[in-house]
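Analysis of the macromolecular model
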Amino acid sequence: MSFHESPRPSDEEEAFYTQCRAAYLSVFRSSLTNIASKQQLCRVLQQAGRNPSNSTLSKYWTPRTSKLNFDDFCEILKCEKKTEETELLRAFRKMDVNGDGYISRSELEKALTTRGEKMTTEEVNAIFSLLDINKDGKLDYTEFCRLLVSTVEQCQIALLERLEANAKLKRQNFGSQSYSPPKSSLSSAAAAASQATVTVPQPPETPRADSDTTLKKDSRSSSRPSSARSRRSSLSNPITVTSSSTKTSKIQEPSGLQEWHQSYVKGCFFLEDDGSISSLQYQLHIPQTTNVYLTIQPLSLSHRPDKPFSWMTVDTALFVMSAGETKEDSTLVCFTESKDKEKYVWKGELNAGTYHLLPFTSGCKLKKRSKKSISNKPVELVHRTDTGELDLTRELREVLSDIFEVIDVDGNSLLSLEEYNFFELRTSGEKCDKDAWAVCKENFDMRKNQLTQQGFMELNLMEATEKDGDPADLWVTLEAMGYNRMLELVDACPFQIDVHCEGTQPSIQPLSMDSGPKLLNQAVQKSITARTGAKALRGQDNVFIYTYRGEHRISSLIANKTNQKVTVHVNNEQSRNCCSSRGMTVFAVEVPARTKMVCQHVLPINERQDWTYNCVETMLPCT
């Protein structure tokens, strides 16, 4: 007896049917379940990235139609192609009467209430209120089309990831045939779909067609162990990011950037003893509305070229908030999401006004290290010359040169009193007043009432001399600036912010060190909740998980809308090639009543490899 293999579908066909199946199983528990209504047909077509009109739905769901199966669905998708960005733009340009790239409310209302499937004025107003992000009465339809197409692509990626992660779904019957796609073909399909970036939220959770049956099954299983029952209050968010998916989304540097107006500042993230991270914050003023190109990146120090800069792998981000009269009045405007090597980038238009620039790092790469590996013998800081005079060692001078470069915020190679006080507050907790600064001017090298690098060296040498060579105070300074006893920068990450404006000169001023941990936390929380829908923990109507999926970072937030504190158990053990800002794979988060709290940030350990974020959040019982 011989068996003949049926012809295998081509890679393109396999990818198509895998995408069909991923969309179908996002609505139904099995590909053998039939579509039973026009509304279900609409929903599953939307999950497949189509945007069917009423006439399109009526073409396939006639008065005589009672059901459609998975094979029918695949045939419909072959006929109904995805809407291309160019097609969308062409349609919007017909509405753009004056050709300025924007559509006013009146232009949109005229088009949608008089052409095609006519809408009511109320429906048009509801749509426009969602699309008019800047609340200026205009719709930037080019940006809208780009985001719409990108969102559709990201939904496809999310569905494929879900299918790939769920072994049970992969074994289900495929339409009218029993089908189990080989792992390699499914991976290649997912990789092909992952050419877009994963910066948009995954599709919202939708009720299954046979969810009632599922609930009944759970209700019959009350005799199972408590650990299994707790799964009803668990939420799993498997997300796979391919190493190639971020390469196609790189924001291109504007042409002629060298001719734009530029301002830049420097700063440093400091890792505190309690594990928190602090840094300077800044105020940006833009005189007139203009195109802006923002970047933030770790700062490569030039004085120690022989030393590897471990901090260059630290992730950075820059949040831009409007500068309201109070912190509560401030709103998130934008933040850097794309990455070009070590540089994190945002490009867009900013209106004239004043903004807060809030530097951020997740804490995944900048964290406390074990001190066991450090040699017991510290590096010498002070020595005596041949004439018996005290002097700073070469190693210390190199480090002090680096510190000078970091605290020289405006990069003019001089330290103003304000810049020097940032250093003093960091290392001693005190400020230098104008009288003390006048004394410095008499004793140390200054230019234009600002301290030179030579003067900074002289000041530190004087401190060592006053202690007769005892380096204790020098070590306090160095450790406060992030150095260990081997003079390695391990608890800090210098960075540089660049602001380019096409039509006006921006100005940046530093704010105090303690000006805005609350403001930064507010910005981070808003960046998470604004980009993704909330998913309730199963069995919990008022405890929600938000999961932000960026190109290079995944962040989650827990929102507790109950009137009592809750404790959420977080398990990352199924994640692969990931590191968490918590520094642990399993931990618990206590969230006070009616409060939002960032749960964790997650980065890939090796950015050149695929990484999978698979987190299970479980509500712990109240004690």
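Presented here is a report on the structure given in the accompanying data block.

Cut-offs applied
Residues numbered from 1 in each chain as written. Predicted model: local features only at pLDDT ≥ 70, side-chain atom pairs only at ≥ 80, totals over all residues. Heavy atoms only, no water. Helix = DSSP H or I, 4+ residues; strand = E, 2+ residues; numbered from the N terminus. Buried < 20%, exposed > 50% of the residue type's maximum accessible area, 1.4 Å probe, protein only. Contact = heavy atoms within 4.5 Å. Areas by Shrake-Rupley, 256 points an atom, 1.4 Å probe, with all protein chains shown as cover. Phe/Tyr/Trp six-rings, centres within 6.5 Å; stacked < 30°, edge-to-face > 60°. Pairing = 2+ DSSP bridges.

Looking only at helices and strands, the protein features 18 helices and 26 strands. Looking at the protein as a whole, 47% of its 623 residues qualify as buried. Contacts in the protein between residues far apart in sequence, at least 24 positions, make up 71% of those at least 6 positions apart. Of the roughly 32400 Å² of accessible surface on the protein, 48% is carried by carbon and sulfur atoms.

Bringing the packing of aromatic side chains into the picture now. Centre distance and the angle of the planes are the two values used to describe a pair of aromatic rings. Under the criterion given, the structure shown has 12 aromatic pairs. Measuring from ring centre to ring centre gives 5.1 Å for Tyr24 and Phe70, while their planes differ by 85°; the resulting arrangement is edge-to-face. With Tyr24 in helix α1 (residues 11-24) and Phe70 in helix α4 (residues 70-79), the pair connects residues that are 46 residues apart, well separated along the chain. Judged by relative accessible area, which is 0%, Tyr24 ranks as buried.

On to the pairing of strand β26 (residues 611-620), then. In terms of burial, β26 is a largely internal element, eight of the 10 residues being buried. Here strand β22 (residues 566-571) runs beside β26; their pairing, made up of five bridges, is antiparallel. Across the sheet, the residue bridging to Val568 is Met619, located in β26.

Let's shift gears to the pairing of strand β6 (residues 282-286). Burial along β6 is one-sided: Tyr282, Leu284 and Ile286 are buried, and none of Gln283 and His285, which face the opposite way, are. In terms of strand pairing, β6 meets strand β12 (residues 353-360) through five bridges, oriented antiparallel. Bridging across to β12, Leu284 finds its partner in Tyr355. Bridging between β6 and strand β18 (residues 507-510) involves four bridges; their strand directions are antiparallel. Residue pairing for β18: His285 is matched across the bridge by Ser507.

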